[in-house]
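Breakdown of the fold
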Amino acid sequence: MNEAELIKTAKAMVADNKGLLAMDESNPTCNKRFAALGIPQTAEMRRRYREMIVTTPRLKEGVNGAILYDETVRQKLSDGTPFVEAVIDAGIIPGIKVDMGAKELAGFPGEKITAGLDGLRERLSEYSEMGLRFAKWRAVLKIGDSIPTRRCIENNAIVLARYAALCQEAGLVPMVEPEVLMEGKHDLKTCLSVTEQVLHIVFDQLHKQRILAEGMILKPNMILPGSDCSEQSSTDEIAETTVKCLLRCVPASVVGVAFLSGGQSSKLATERLNAMNKKYKPKMPWALVFSFSRALQHPSIDIWNGKEENIEKAQQALHHRVKLNAAACRGEYKPDMEK
Ligand code: 13P
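Residues numbered from 1 in each chain as written. Predicted model: local features only at pLDDT ≥ 70, side-chain atom pairs only at ≥ 80, totals over all residues. Heavy atoms only, no water.

Take the overall build of the protein next. A count of helices and strands for the protein gives 13 helices and 10 strands. In terms of overall dimensions, the protein is globule-like: its C-alpha atoms have a radius of gyration of 19 Å, near the 20 Å expected for 339 residues. Expressed as a percentage of its 339 residues, the buried residues of the protein come to 57%. Long-range contacts, defined here as pairs at least 24 residues apart, represent 79% of the contacts in the protein between residues at least 6 apart. For the protein, the accessible surface area stands at approximately 14,200 Å², while carbon and sulfur atoms represent 50% of it. The protein carries 46 positive and 43 negative side-chain charges, and their two centres are separated by 2 Å. (Helix = DSSP H or I, 4+ residues; strand = E, 2+ residues; numbered from the N terminus. Rg over C-alpha atoms; globule rule 2.2 N^0.38 Å. Buried < 20%, exposed > 50% of the residue type's maximum accessible area, 1.4 Å probe, protein only. Contact = heavy atoms within 4.5 Å. Areas by Shrake-Rupley, 256 points an atom, 1.4 Å probe, with all protein chains shown as cover. Lys, Arg positive; Asp, Glu negative; His and termini not counted. Charge placed at Lys NZ, Arg CZ, Asp CG, Glu CD.)

Close to the ligand lie 13 residues, the nearest being Lys 136, Lys 219, Ser 261, Gly 262 and Arg 294. At 2.5 Å from an oxygen atom of the ligand is found a side-chain nitrogen or oxygen belonging to Lys 136. Measuring from an oxygen atom of the ligand, one finds a backbone N or O atom of Ser 293 at 2.8 Å. Protein chains shield 92% of the accessible area of the ligand, which is 300 Å² for the free molecule. Considered class by class, the residues forming the shell around the ligand number three nonpolar, four polar and six charged. (Near = heavy atom within 4 Å. Polar contact = N/O pair within 3.5 Å; in protein donor to acceptor, adjacent residues only side chain to side chain. Nonpolar A, V, L, I, M, F, W, Y, C, P; charged D, E, K, R; others polar.)

Another aspect to go through is the state of the cysteines. Counted by the stated rule, this structure contains zero disulfides. The cysteine Cys 229 is free of any disulfide, with Cys 191 supplying the nearest cysteine sulfur at 10 Å. No disulfide involves Cys 245; its sulfur sits 4.4 Å from the nearest other cysteine sulfur, which is in Cys 249. (Disulfide = S-S within 2.5 Å.)

Moving on, we get to the pairing of strand S3 (residues 93-97). Judged by how many residues are buried, S3 sits mostly within the fold: five of five residues are covered. Here S3 shows a buried face lined by Ile 93, Gly 95 and Lys 97 and a second buried face lined by Pro 94 and Ile 96. Bridge count between strand S2 (residues 63-68) and S3: four bridges; the pairing is parallel. Residue Ile 67 lies in a different strand from S3, and its bridge partner there is Gly 95. (Pairing = 2+ DSSP bridges.)

Moving on, we get to the environment of Ala 102. With respect to the helices, strands and loops of the structure, Ala 102 is situated in strand S4 (residues 102-104). Residue Ala 102 is classed as partly exposed on the basis of its relative accessible area, which comes to 28%. Ala 102 has contacts with Lys 112, Ile 113, Thr 114 and Val 140, leaving out every residue within four places of it along the chain.

Let us look at unusual backbone geometry. With an omega of 5 degrees, the peptide bond between Ile 147 and Pro 148 qualifies as cis. With respect to the helices, strands and loops of the structure, Pro 148 is situated in the loop between strand S6 (134-141) and helix H7 (150-170). Omega for the peptide link from His 298 to Pro 299 comes to 5 degrees, which places this bond in the cis form. In this fold, Pro 299 is placed in the loop between helix H11 (294-297) and helix H12 (300-304). The phi torsion at Asn 17 lies on the positive side, around 55 degrees, for a residue other than glycine. For Asn 17, the position within the fold is in the loop between helix H1 (3-13) and strand S1 (19-22). The exposure class assigned to Asn 17 is partly exposed, which follows from its relative accessible area of 28%.

Here you go:
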C-alpha cells in the first residue's frame, strides 16, 4: 500500500469545497431512468448520456471526481477518446463503482447484503491500470419492523471493510457507502439512531481490518425522516442532526465525507448540505461535500431526453447544479441562485 499516494488522492477528491459526481448507475438502474423518459435502453444511449455528462464544459469548477460504471470505462466518446482519458483530460479524478449490487441476505427476510468480493482483487488491479483512482461500494440498510438487524449491519460492515482493504492494497481510495434508506415511515430520531449504529459498526470494522482512515472517503446518507413519515423536519433540524451524528461517529482522521442524495429533490439536497457547512464548518474536522447522482443529474437528464439537439441545454443545467452544490460546500448557496 502506498499510503502517501492514497492520502493525496483522498484529499484531492474533497479539495477546494468541491464534490463528486456519481454517474455510476448500473445498467438496470440507468435503464429505469431512461424508461421513465421513453429513452431507448441500449448501451449506445447510455454511452451518449455519459458523453453528454463528461463533455460538459467547466464541470471541474464544481467537482473534483466522477464515479463511473464498468460499462462506461470500456466505452469511448464519439471522437474515439476512452472515457477514463476524457475524464482525466477534463481535470477530474476518475473513480469506479465496484460492488455488484445489494442482494437478499439469506436468513434475514427484507434485508440485503452487497455482492462483489469474489474476483475483486483482479478487477481492482485492472481498474488501476486503466487509470482509475478510487472505488465505491454501496451497502443498503432499510429501516422497518425490527430491521435493520445487528447481524445485517455487521455482515455489511465486514464486507465493506474487506472491499476497502483490497482497494487500498491496489492503490485505489475506497469510497465507503453504507446507505440507510430514506424510504419508510420512520422519524428523524430513528434515522439518527440507526445511522449512528451503522457508522459505529462500520468504523469499528474498518479499524479492525487495518484501513488507513486518512486514505478513504465516507459516503453516508443525511439524517432524514422517512419519506412516508407524517412529521417532516426543517432544514436546520436536519443539518444539526446530521452533523451531530457524523461528529459522534466519524474519526477526525478521515479527510472527507461526501453525501449521497438518496432520493431527495435536487433543491433540498443542496439546501441541506449548505445549512451544514454554513453553520457547522468550523466544528467539523473533515470536508463535508456531495457525491450525488440523482440530485445532480436532474434536471439535465430530463432536458437531454436522448436527443442530440438538447445536449447544450442539458449541459448548462448540469453545470448550474454542480456550481450550486459547490456553493453549498462553502455554505454560500442561496435559493435565488436557482434561477
Ligand atoms: P443518489 O445520489 O442518487 O442517491 O446516488 C448516489 C449513489 O452513488 C448511490 O450509490
